[in-house]
Amino acid sequence: METLLTADLVGLDKIINGDPIAITFFIGYMAMFASAVFFFMERGSVDGKWKMSLLVSGLITGIAAVHYYYMRDFYLETGQSPTAFRYVDWTLTVPLMCVEFYLLTKPFGAKGGTLFKLIVASLFMLVTGFIGETSGIDSNIMWGVLSTLGYLYIVYEVFFGDVAKLAAASNSPALGRAMFLLKIFITLGWSIYPIGYMVLPGNLLSGAFEVSSIDLFYNLADAINKIGFGLVIYSVAIAESNKAKA
Ligand SMILES: *C/C=C(C)/C=C/C=C(C)/C=C/C1=C(C)CCCC1(C)C
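Now for a description of the structure that goes with this document. (Residues numbered from 1 in each chain as written. Predicted model: local features only at pLDDT ≥ 70, side-chain atom pairs only at ≥ 80, totals over all residues. Heavy atoms only, no water.)

**Considerations on the overall build of the chain**
Put simply, the rule reads: A helix here means a DSSP run of H or I that spans at least four residues, while a strand means a run of E at least two residues long, and both kinds are numbered starting from the N terminus. Burial classes follow relative accessibility: with a 1.4 Å probe on protein chains only, a residue under 20% of its type's maximum area counts as buried, one over 50% as exposed, and anything between as partly exposed. Two residues qualify as a contact provided that any one of their heavy atoms is within 4.5 Å of a heavy atom in the partner residue. Method for areas: the Shrake-Rupley scheme with a 1.4 Å probe, in which residue coverage is limited to the protein chains shown. Neither His nor the chain ends is counted toward charge; the positive residues are Lys and Arg and the negative residues Asp and Glu. Just so you know, the charge point we use is NZ for Lys, CZ for Arg, CG for Asp and CD for Glu.
For the chain, the count of helices and strands is 10 helices and zero strands. Secondary structure elements of the chain, listed N to C terminal, follow the sequence α-α-α-α-α-α-α-α-α-α. Seen along its three principal axes, the alpha-carbon backbone of the chain occupies a region of about 55 × 40 × 25 Å. Counting the 246 residues in the chain, one finds 47% classified as buried. For the chain, the proportion of contacts with a sequence separation of at least 24, taken over those separated by at least 6, is 73%. Of the roughly 11900 Å² that the chain leaves accessible, carbon and sulfur atoms contribute 72%. Between the centroid of the 15 positive side chains of the chain and the centroid of its 18 negative side chains there is a distance of 18 Å.

This is the structure in structure tokens:
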């Protein structure tokens, strides 16, 4: 009990003394937690088919909140990047984000097979990324390239594959808007992760940033992609639900 208390106080002191990485873990944790509460509560404000989307947004941010709680403490105790926690979080939340994309197009005929392809590609991206982060200086570029292939496949699916075809055929302005935003998140929001990965020793940006900044990139990207994307879905859901009432 006593050691726990001391560690907590040391951690708090670090945060207050302005370790920017510690601060982003701290804020990330609270923001994910608050977002999860918000998405769960707001399920009641939207129409039937959007409720599942809000539930999934709540699960994504809720799962992230729990991992941020552990990642923050791990970082404060060790000063190291919490790579294993990070990838466990992503392995759960990225497939759920694929479910989110699928739910958007489901009312217009999306098939389970599309979801399956997205999940397989995202798992490939994450497994190779994890191996890359833990494999050391000589091979992290190679694993990063492999991981990027999984990422590019997801981008391809959203821009030209099944997801894109369904959205184009739907003639729904709401889906069109959601798809437009989804494309921005997938290309700009998700690309922050590989940029963060490139600060690893031996990788392309290792001279330009300190290794520790990897967590700044990842924490920023998580906030944008988990909370930001959830809010975008929420705003489309509210607009569509109000239209249906009018
Ligand atoms: C909520 C978490 C999300 C949306 C995580 C997304 C993660 C990525 C898009 C990671 C991509 C990577 C590459 C494309 C190459 C280098 C290794 C990764 C795993 C950082």
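Once you've had a look at it, read on.
**Comments concerning the pattern of salt bridges**
Heads up, the condition is: Only one rule defines a salt bridge in this text: a Lys or Arg side-chain nitrogen within 4 Å of an Asp or Glu carboxyl oxygen.
Counted by the stated rule, this structure contains seven salt bridges. Notably, a salt bridge pairs Glu-157 with Lys-117, separated by 3.7 Å at the nearest N-O pair. A residue pair is termed long-range when its members are at least 10 positions apart, and Glu-157 in helix α6 (residues 140–159) and Lys-117 in helix α5 (residues 112–134) qualify at 40 residues. Using a relative accessible area of 3% as the deciding quantity, one classes Glu-157 as buried. Judged by relative accessible area, which is 32%, Lys-117 ranks as partly exposed.

**Description of the packing of aromatic side chains**
Any two aromatic rings considered together are summarised by their centre-to-centre distance and by the angle between their planes. In plain terms, the rule: Side-chain rings of Phe, Tyr and Trp (the six-membered ring for Trp) are treated as a pair once their centres are within 6.5 Å; stacked means planes under 30 degrees apart, edge-to-face means over 60, and tilted covers the remaining angles. Geometrically, a lysine NZ or arginine CZ counts as sitting over a ring once it is within 6 Å of the ring centre and also within 35 degrees of the ring normal.
The final tally for this structure, using the stated rule, is 21 aromatic pairs. When the centroid spacing of 5.7 Å and the interplanar angle of 70° are considered together, the rings of Phe-38 and Phe-39 count as edge-to-face. Taking relative accessible area as the criterion, Phe-39 reaches 1% and is therefore assigned buried. Its relative accessible area of 32% is what places Phe-38 among the partly exposed residues. What links up through ring pairs into an aromatic cluster is the set Tyr-29, Tyr-69, Tyr-70, Phe-74 and Phe-85. Its end group placed over the ring of Phe-159, Lys-183 keeps NZ or CZ at 5.2 Å from the ring centre.

**Considerations on the site of the ligand**
Selection rule: When we say a residue is near a molecule or strand, we mean one of its heavy atoms is within 4 Å of it. Side-chain classes are defined by residue name, with Ala, Val, Leu, Ile, Met, Phe, Trp, Tyr, Cys and Pro counting as nonpolar, Asp, Glu, Lys and Arg as charged, and the others, Gly among them, as polar.
The environment of the ligand is formed by 18 residues, the closest being Val-94, Met-125, Ser-147, Tyr-193 and Lys-226. Computed on the free molecule, the ligand has an accessible area of 530 Å², of which 99% lies beneath the protein chains in the complex. Broken down by secondary-structure element, the contributors of at least two residues to the shell around the ligand are α4 (83–105), α5, α6, α9 (192–197) and α10 (214–245). Tallied by class, the residues present in the shell around the ligand amount to 11 nonpolar, five polar and two charged.

**A closer look at the nonpolar core**
Where a protein is soluble and globular, its nonpolar side chains tend to be buried together. Using the following cut-off: Here, the term nonpolar core denotes a set of buried Ala, Val, Leu, Ile, Met, Phe, Trp, Tyr and Cys residues that are joined through side-chain atoms within 4.5 Å.
Formed by 52 residues in total, the largest nonpolar core has its most connected members in Phe-101, Leu-182, Ile-186 and Trp-190. Mapped onto this core, the elements with two or more residues apiece are α3 (48–78), α4, α5, α6, α7 (162–170), α8 (173–189), α9 and α10. Core analysis: the next-biggest nonpolar cluster, separate from the first, contains 13 residues, Ala-22, Ala-65, Tyr-75 and Leu-76 among them.

**Notes on empty space enclosed by the protein**
Just so we agree on the cut-off: With a 1 Å grid spanning the protein atoms alone, the term cavity applies to any set of points in which a 1.4 Å probe fits but cannot get out, the term pocket to an open set with protein on both sides within 12 Å along at least five of seven lines, and the term lining residue to any residue with an atom within 4 Å of a point. Grid points are joined across faces, edges and corners, and a volume is the space filled by probe spheres set on the points.
Throughout the structure, instances matching the rule amount to one cavity of 30 Å³ or more. Volume-wise, the largest cavity comes out at about 30 Å³. What lines the largest cavity is Ser-57, Ile-60, Met-97, Glu-100, Asn-225, Lys-226, Phe-229 and Gly-230. Elements with a minimum of two residues in the lining of the largest cavity: α3, α4 and α10. Looking at the lining of the largest cavity element by element, the count peaks at four residues for α10.

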